[in-house]
Amino acid sequence: MTEVKLERIGKSYGAVEAVQEFDLTIEDGEFLVLLGPSGCGKSTTLRMIAGLESITTGDLTISGTRMNDVDPKDRGVAMVFQNYALYPHKTVFDNMAMALKLQKVPVEEIRDRVGRTAEMLGLTEYLERKPAALSGGQRQRVAIGRAIVRTPKVFLFDEPLSNLDAKLRVKMRMELQELHDSLGVTSIYVTHDQIEAMTLADRIVIMNGGVVAQVGSPREVYDS
Ligand code: ADP
Ligand code: ADP
C-alpha cells in the first residue's frame, strides 16, 4: 500500500512563492493529474515529491515515512521527464539497466527485468541502439521503461508527452493508460493538457498561481 501525503507543502524561491499550502493525500494505486497553466507550480510540486527540490514548508510522507530530508533514490519514486533525459552515449539496454546496476542487482536479474519491460513496451528490437537512432515515441518508451524496471512505489510524470506530435501523443496516452491499468502503481502526472487530464486521471487537481484551485474526478471538474 503506497499512500503519498502532502501536508501543507510549500516552496519559495526568495520572494517567489511557487507553491503554497498544498494539502492532499494520493491514495494507493491512484492516478492523480496536476493540471494548470505554465508557471502555476506543477513541476515544483512534483520535484519536491521526487526530492529534486527542497521543501520550504510542510511535510511529505510516503507510506507513513516522512520524506522531506530523504535522498531521492531512497524515496521509492521514479520520475519520467518531458525531455526523456536519456544518456545519449548508452544503449537502450544500458539506459534502462543503469539504476539497477547502481543498486547492485545481479546481472541475470537485470537482464530479465529489462528484457521483460522492453517486451511490454515494444522495445525488444531496439535494446542495442542509442537514443539518437530512435523516434520520439520510442525514446519516451525508454524513459518510461527505465522508470518501470525499478519497480517504484510511485511514478512521477512531468509532461511526458508534450514533446511528441499529436498523433503519437494520443497513442502514447492510451499506452500509459493501459500500463497504469496493468501495474496499478500510484502515479502523479503533471500536464497542461486538459484532454490528457480527463482521460488519464482518477482525480484531477487544478493548480493556479501556486495554489490548489480545485480537486475532483474528471467528471466533477468537467461539469463545474
Ligand atoms: P509549472 O510546472 O506549472 O509550469 P513551475 O513549478 O515550473 O510551474 O514554476 C512555478 C513558479 O516558480 C514559476 O513562477 C517559476 O518561474 C518559479 N520557479 C520555478 N523554478 C524556479 C527556480 N529554480 N528559481 C526561481 N523561480 C522558480
Ligand atoms: P516547465 O514550465 O516545463 O516546468 P520551465 O521552463 O518553467 O519549465 O523551467 C525549466 C527549469 O527552469 C526548471 O528546472 C525550473 O526549476 C527552472 N526555472 C523556472 N523558472 C525559473 C526562474 N524564474 N528562475 C530560475 N529558474 C527557473
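Note that the structure is predicted; figures quoted are calculated from it, not measured. (Residues numbered from 1 in each chain as written. Chains lettered and ligands numbered in written order. Predicted model: local features only at pLDDT ≥ 70, side-chain atom pairs only at ≥ 80, totals over all residues. Heavy atoms only, no water.)

1. Some words on the sheet that holds strand 5 (residues 65–66)
Now for step 1: Strands sit in the order 2-1-4-5 across an open sheet of four strands; the sheet is antiparallel. Two strands in the sheet have a free side with no partner beyond their single neighbour: strand 2 (16–26) and strand 5.
Now for step 2: Here strand 1 (residues 4–13) pairs with strand 4 (residues 57–62) via five bridges, running antiparallel. Its bridge partner being in strand 4, E7 is matched across the sheet by D59.
Now for step 3: Contacting strand 1, strand 2 and strand 4, helix 1 (residues 42–50) crosses the sheet at an angle of about 115° to strand 1. (Pairing = 2+ DSSP bridges. Helix = DSSP H or I, 4+ residues; strand = E, 2+ residues; numbered from the N terminus. Contact = heavy atoms within 4.5 Å. Axes fitted to C-alpha atoms, helices over the stretch in contact; angles between N-to-C directions.)

2. Description of helix 1
Now for step 1: Judged by how many residues are buried, helix 1 sits mostly within the fold: seven of nine residues are covered.
Now for step 2: Along helix 1, the residues that are buried comprise K42, T44, T45, L46, M48, I49 and A50.
Now for step 3: A positive phi of about 90° marks G51, the residue just after helix 1. (Buried < 20%, exposed > 50% of the residue type's maximum accessible area, 1.4 Å probe, protein only.)

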